Amino acid sequence: GENVEQHPSTLSVQEGDSAVIKCTYSDSASNYFPWYKQELGKRPQLIIDIRSNVGEKKDQRIAVTLNKTAKHFSLHITETQPEDSAVYFCAAKGAAGNKLTFGGGTRVLVKP
Amino acid sequence: GAVVSQHPSRVICKSGTSVKIECRSLDFQATTMFWYRQFPKQSLMLMATSNEGSKATYEQGVEKDKFLINHASLTLSTLTVTSAHPEDSSFYICSAGGQGLYGYTFGSGTRLTVV
């Protein structure tokens, strides 16, 4: 089945700096790659997603890039703010069963 | 947008009892429901996938007789944790996919504590 690895597991940045989180996946047939932000005790919130026919997508301070050949995708957050502090998960939807496989998560701390 | 309502948000039960968690899709038909479990400071682990009117498909290592999933209608899916034990204490969360929806909508989660 699909295997998604996420790095780093923790990330501390100064307010205003950029944060980058990277994920790799194993199933070359995966076609949908969402990113979620989860605050303590709450549901994951979709912040951006990308489909396999697109290489890059941007939404204000957030961008995602996808390299299908290398089977990796990345989340970029620019001009980080304290409210960006949370756990971020990448995920990949495989071809079988339409299920999402999640990465291990990255705990982001933005220091004011 | 698509909304999934999950209840209860928190439940404390005694060891050996059963607990039912409900997820309802409020404004769309949830053809597929995914059930996840999340332990503290860990990722979401898929437990099972259910399609309306069919038996659920369980992930490897998940006991189907312990975690009963019912998806009898396009708007309701339930997860029953039977004979709960302290090690079943976790955050359980559902995620629904529906016709015309490319992504997934998560419920608000249920914090289960077994004492």
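Not measured: the values here are computed from a predicted model.

What follows is about the overall build of chain B. Within chain B one finds zero helices and eleven strands. Along chain B, helices (α) and strands (β) appear in the sequence β-β-β-β-β-β-β-β-β-β-β when read from the amino end. Scaling as 2.2 N^0.38, a compact globule of 115 residues should have a C-alpha radius of gyration of about 13 Å, and chain B matches this with 13 Å. In terms of overall dimensions, chain B has a C-alpha envelope of 40 × 25 × 20 Å along the principal axes. The 115 residues of chain B split such that 49% are buried. Taking contacts inside chain B between residues at least 6 apart in sequence as the whole, the part at least 24 apart equals 55%. Surface exposure of chain B reaches about 5700 Å², of which carbon and sulfur atoms provide 50%. Charged side chains in chain B number 10 positive and 8 negative. The centres of these two groups are separated by 6 Å.

Let's shift gears to the state of the cysteines. Residues and elements named next belong to chain B. All chains considered together, the criterion is met by two disulfides over all chains. Covalently, Cys 23 is tied to Cys 94 through a disulfide, its sulfur atoms 1.9 Å apart. Every disulfide takes its handedness from the sign of the S-S torsion; for Cys 23 and Cys 94 that torsion is -95°, giving left-handed. Here Cys 94 lies in strand β9 (residues 90–98) and Cys 23 lies in strand β3 (residues 19–25), a separation of 71 residues in the sequence. With respect to burial, Cys 23 and Cys 94 carry one shared label: buried. Take Cys 13: it sits in no disulfide, and the sulfur closest to it among the cysteines is that of Cys 23, at 17 Å.

Next up on the list: the environment of His 7 of chain A. All names here are of chain A. Mapped onto the elements, His 7 comes out in strand β1 (residues 4–7). The sequence separation of His 7 and Val 54 amounts to 47 residues, and the corresponding C-alpha distance is 22 Å. Those residues in contact with His 7 that sit more than four places away from it in its chain are Ile 21, Lys 22 and Thr 106.

Further remarks concern the interface of chain A and chain B. Facing the 19 residues of chain A at the interface are 19 residues of chain B. A buried area of about 1600 Å², summed over both sides, lies between chain A and chain B, and 55% of it is on carbon and sulfur atoms. Between chain A and chain B we count one salt bridge in total. The salt bridge partner of Lys 99 of chain A is Glu 59 of chain B, with a shortest N-O separation of 2.9 Å. At the boundary of chain A and chain B, one finds five residue pairs in polar contact (both at pLDDT 80 or more).

Conventions we followed
Residues numbered from 1 in each chain as written. Chains lettered and ligands numbered in written order. Predicted model: local features only at pLDDT ≥ 70, side-chain atom pairs only at ≥ 80, totals over all residues. Heavy atoms only, no water. Helix = DSSP H or I, 4+ residues; strand = E, 2+ residues; numbered from the N terminus. Rg over C-alpha atoms; globule rule 2.2 N^0.38 Å. Buried < 20%, exposed > 50% of the residue type's maximum accessible area, 1.4 Å probe, protein only. Contact = heavy atoms within 4.5 Å. Areas by Shrake-Rupley, 256 points an atom, 1.4 Å probe, with all protein chains shown as cover. Lys, Arg positive; Asp, Glu negative; His and termini not counted. Charge placed at Lys NZ, Arg CZ, Asp CG, Glu CD. Disulfide = S-S within 2.5 Å. Buried area = accessible area lost by both parts, 1.4 Å probe. Salt bridge = Lys/Arg side-chain N within 4 Å of Asp/Glu carboxyl O. Polar contact = N/O pair within 3.5 Å; in protein donor to acceptor, adjacent residues only side chain to side chain.

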